[in-house]
Structure formats: C-alpha cells, structure tokens
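Listed below are the residues making up each chain.
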Amino acid sequence: MKFDDRKNLWLPYSQMKIADDPVHVAHTDGVRLHLADGQVLIDGIASWWTACHGYNHPHIIDALIRQVKSMPHIMMGGVVHDQATRLSSRLATMTLGDDAMCFFSESGSVAVEVALKIAVQHWINQGASLRKRFACFAGAYHGDTTGAMSVCDAEDSMHAHFKGYLIEQFQATVPETDEQRGVFSTWLERHHQELAGVIIEPLVQMAAGMRMHSANALRFIADQCHQFGLLLIADEVATGFGRTGSLFAFQQANIKPDILCVGKALTGGTLPLAATIASQHVYSQFHSNDPAHALMHGPTFMGNPVACAAANASLDLFDAGAAENRLEQVDKIERTLGDSLLPLLDHKHVVDVRVKGAIGAVQLDAMIDVDQAMSFFRNRGTFVRALRDVVYVAPSFVINQRDLRTLCAAVSGFVTLG
Ligand SMILES: *Cc1c(COP(=O)(O)O)cnc(C)c1O
C-alpha cells in the first residue's frame, strides 16, 4: 500500500473525497511555484492575493530572520515592542490619519470580528445599546468566523448551512443606479437606529468573483453613513496594499472610513497578520476612566514581532524611495490585463470581463469545474484557480510582462475552449 503522506490534512473549501489531488509545492521563488514533481508554474493568484512582492523577497526574509533571532514572540497584554509600535504608526499615517489606533490580530476574519465589536461597543459606551446590527452587501465576503460570516452574502452557498446559527444582518445591493440609491437611502432612514454601521469591501468584492462597483457608489454609501450617523467599516483585507491601483481602494473615492480592516498582503504574504484600524473619534468612545469601556479582546499572538517585522519590511517596499515603484507596476499590469482580456468579451460564452489594478477576471455563462480548470492551466505551466463562474488572475506586482502574457494567454485559451 502506498503511504499517503497527507492522510491527516483537511483542506479548505474542498470536497476531498472527489477532488483531484492537490498540487504539492516544494518551494517558491519570485512568481514561481516549484512543485515536488519538478514542474515549475507561473503563479497567477499570489497565494490568495497576499504575495504582492513575489515570494521570498530578500528584504522581507532578512527582516524576519533578524527579528526571529532576537524575539520570536512576546504577548501584548501590558507589553509593547518596537516592531508593533513602528508598524501601528506607519499604518495609521498611511490610512486614517496620524491619530488612528491599530489593533492587531492574526487573520482577516478576526480583524473583521474586532471591527464589528468595536462598532457595537462604540455605541454601547455612549448609551446607545440598541445599535447592534449591520448593513452589508450582496456578494460580500468578510471571512469564515461567525461574526464575519453574518455580514457575508446571505444566499452564498458557502455559508448557507449556517442560517439560524448566525446573527441576522441587513443585506443591501451596492447602490449604482438612481433607483438603487433611492432604495438604499429610504431603507437607512427607516432602520439606522438599529444599526451600528455599514461594512463594505471597497471597489472590488474579490471572493465573490472579482465583482466591482464604482467609486461613485462607494462615495454615496459613505455620504449616507455620514448623514445617518453610522460607522463605515471598510474591509480592505483583499484590496489593501496596491491591489486596485491605489494603496487602498477607499482612496479612489476620496472618502475616509471610520474603521479599516487590513490583512492578506500586509506582510507581503509571508506571515499571518491583520489589523483593525479605528479613527480617533471611534477610539475616543473607549478612552475613559471607566474600565467597562475598554475593548475586551486580545488574540494570543496579536502583534507577533516577526509578523510585524515582515509587515514593516513590506511597507518599505511600497515607500516612495523604494527601488521599484509598486503602484506603477500595478498600473502596467492593469494595461496588459485590459489589452489581453477585454477582447474576450466577444466570445459567446463570456458574460463579462472585469479589470482593475492587478486584477483581471473573465466571467463565463456557467459554473467552472475547479479541478478541470486547474489541470488545464497546469498543463500550460501556470497556476490559476477558478472561482464560481469566473476565471481570474491577481498576480504578484513584480511579475514581468512576459509571464503576465503567458497567464493571460492561458486564460484566453481556457475561455475559448468551450
Ligand atoms: C480573505 C478575506 C477575509 C478573511 O481573511 P482571513 O485571513 O482568511 O481570515 C476577510 N475579508 C476579505 C475581503 C477577504 O478577502
């Protein structure tokens, strides 16, 4: 009998009984996956959009090795350390302002849980204890923990089993048309007293299959939050750090959320770290002489020094003085994705083509078999995954034009197959 070396490994989002064998990756380098069987693939996904500088970037690797030797971990209960204080001040300055407050955790889902708790308690601390629910949007994905699941798309098959177990929230359509704006506004007028806030993934709902909305729609939502005194939570776990063409997607709408969640690319895809960043006016509801006003949350590994060192090194690579201009690279990727993918709109099975920053998605008229797609792309030396009826690329920003064109050619080949 063959020894099955992964018989104890439970994989995510997979019916393992019928799924193809997973891809066994031995090591990574730049934008390439080196497989155990010797095959080398150009990576079009960047490990769920995290590895924005490519894999094994020496600046990040050096920083985390240095940190792991001096202090691999220290708890944050009553303790601070240089990597966390430096990272918090850099994140505050680049997002909500110098006086914003950063709460660290280890995953995007937890960053969202913390954002929801902060929003609710921000109201409780001022005596408004009825504001306990949220408005969220069709197509939303905010993570797989219970609070986060409750603000995901309610009809989504991924979480549909848990209806009744989850807190019921209010789901709206992202208001693009005059009619939708009217409906959204009327609805908020009626329900805002029950709401703690509104949560949205600015500009691109990546997990929903790269669904996009306009900066105008986002600005309208922000204006409405302002009008009805609701907190706006921007979940930029996926869109943060350049993915949509600006450092953060909310900046393209000239708005400022009250609470911001970041994760995924925060450490350049090297270690788990996320942050919930609150504006000073939100934090000020917690800052009091009453111990009951404190935020009672504290992940064991929050602000892990090695993860924070990786994040600080990743931010260096986005700095104005860095050797490569990341946002310029994203701009170039966007142009190539547009040139290569938009013509696919003419194909009979293509419903939509969406390009924004370093995201290119082709939506087909039927659900795509993930395994079949994976093996098609693998045979062309590429690693691309399908998501529902969408095949997409969201590569590392350091990918060169030649590799990017290879990815796009593979996507065209797949789309024009049927
Ligand atoms: C991935 C993702 C999350 C969840 O992050 P995890 O680190 O997987 O918990 C939350 N929100 C958005 C928008 C995401 O893309």
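Going by the structure above, here's the rest.
Residues numbered from 1 in each chain as written. Predicted model: local features only at pLDDT ≥ 70, side-chain atom pairs only at ≥ 80, totals over all residues. Heavy atoms only, no water.

## What to know about the overall build of the protein
Rule in force here: Here a helix means four or more residues in a row that DSSP labels H or I, a strand means two or more in a row labelled E, and each is numbered from the N terminus. Values of the radius of gyration come from C-alpha atoms, whereas the globule rule sets the reference at 2.2 Å times the count of residues to the power 0.38. In this scheme, a residue with accessible area under 20% of its type's maximum is buried, one over 50% is exposed, and one in between is partly exposed, where area comes from a 1.4 Å probe on protein chains only. Two residues form a contact once any of their heavy atoms are found within 4.5 Å. The Shrake-Rupley method, run with a 1.4 Å probe, gives the accessible areas here. Residue values count only the displayed protein chains as cover. Positive charges come from Lys and Arg alone, negative charges from Asp and Glu alone, with His and the N- and C-terminal ends not counted. Every charge is mapped onto a representative atom, which is NZ of Lys, CZ of Arg, CG of Asp or CD of Glu.
Helix and strand counts for the protein stand at 12 helices and 17 strands. Radius of gyration (C-alpha) of the protein: 22 Å, near the 22 Å computed for a compact globule of 418 residues. Oriented by its inertia axes, the alpha-carbon framework of the protein measures out at about 60 × 55 × 50 Å. When the 418 residues of the protein are sorted by exposure, 52% land in the buried category. Once local pairs closer than 6 in sequence are excluded, the contacts in the protein between residues at least 24 apart make up 70%. Carbon and sulfur atoms provide 54% of the accessible area of the protein, an area that totals close to 19400 Å². Looking at the protein, you have 33 positive and 43 negative side-chain charges, and the mean spots of the two groups are 3 Å apart.

## Topic: the packing of aromatic side chains
Definition in use: Ring pairs are drawn from Phe, Tyr and Trp, using the six-membered ring of Trp, whenever the two centres fall within 6.5 Å, and their geometry is named by plane angle: stacked under 30 degrees, edge-to-face over 60, tilted for the rest. For a ring to carry a charge above it, either NZ of a lysine or CZ of an arginine must fall within 6 Å of the ring centroid while also lying within 35 degrees of the normal to the ring plane.
Throughout the structure, instances matching the rule amount to 12 aromatic pairs. Ring centres of Phe376 and Phe414 lie 5.3 Å apart, and the angle between their planes is 70°; this geometry places the pair in the edge-to-face category. Linking Phe376 in helix H11 (residues 370-379) with Phe414 in helix H12 (residues 401-415), this pair joins segments that are 38 residues apart in sequence. With relative accessibility at 12%, the residue Phe414 sits in the buried group. Among the aromatic side chains, those forming a connected cluster through ring pairs are Phe241, Phe248, Phe250 and Phe318. Its end group placed over the ring of Phe376, Arg380 keeps NZ or CZ at 3.6 Å from the ring centre.

## A closer look at the nonpolar core
The condition that has to hold: By nonpolar core is meant a set of buried Ala, Val, Leu, Ile, Met, Phe, Trp, Tyr and Cys residues that side-chain atoms within 4.5 Å join together. Reported domain spans reflect what an automatic or database domain assignment gives.
By size, the foremost hydrophobic cluster in this structure holds 100 residues, and its most contacted members are Leu91, Phe241 and Val362. Built from parts of two domains, this core gets at least three residues from each of domain 1 (25-57 + 324-417) and domain 2 (60-318). Here Phe241 is in contact with Leu91, Met94, Leu247, Phe248, Val262, Gly263, Ala265, Leu266, Leu315, Phe318 and Phe397, once residues within four sequence places are set aside. Within the second largest apolar cluster, 27 residues are counted, among which are Cys136, Val151, Ile199 and Cys261.

## What to know about the site of the ligand
What counts is decided by this rule: We call a residue near a given molecule or strand whenever any one of its heavy atoms falls within 4 Å of it. Between N or O atoms, a polar contact is any pair within 3.5 Å; within protein, one atom must be a potential hydrogen donor and the other a potential acceptor, and residues adjacent in sequence are included only when both atoms are from side chains.
Inspection of the region around the ligand gives Trp49, Ser107, Gly108, Ser109, Tyr141, His142, Gly143, Glu201, Asp235, Val237, Ala238 and Lys264 as its neighbouring residues. Within the contact set of the ligand, a nitrogen atom lies 2.7 Å away from a side-chain nitrogen or oxygen of Asp235. One of the side-chain N or O atoms of Lys264 is found 2.6 Å from an oxygen atom in the ligand. When the free accessible area of the ligand is taken as 380 Å², the share hidden by the protein chains comes to 82%.

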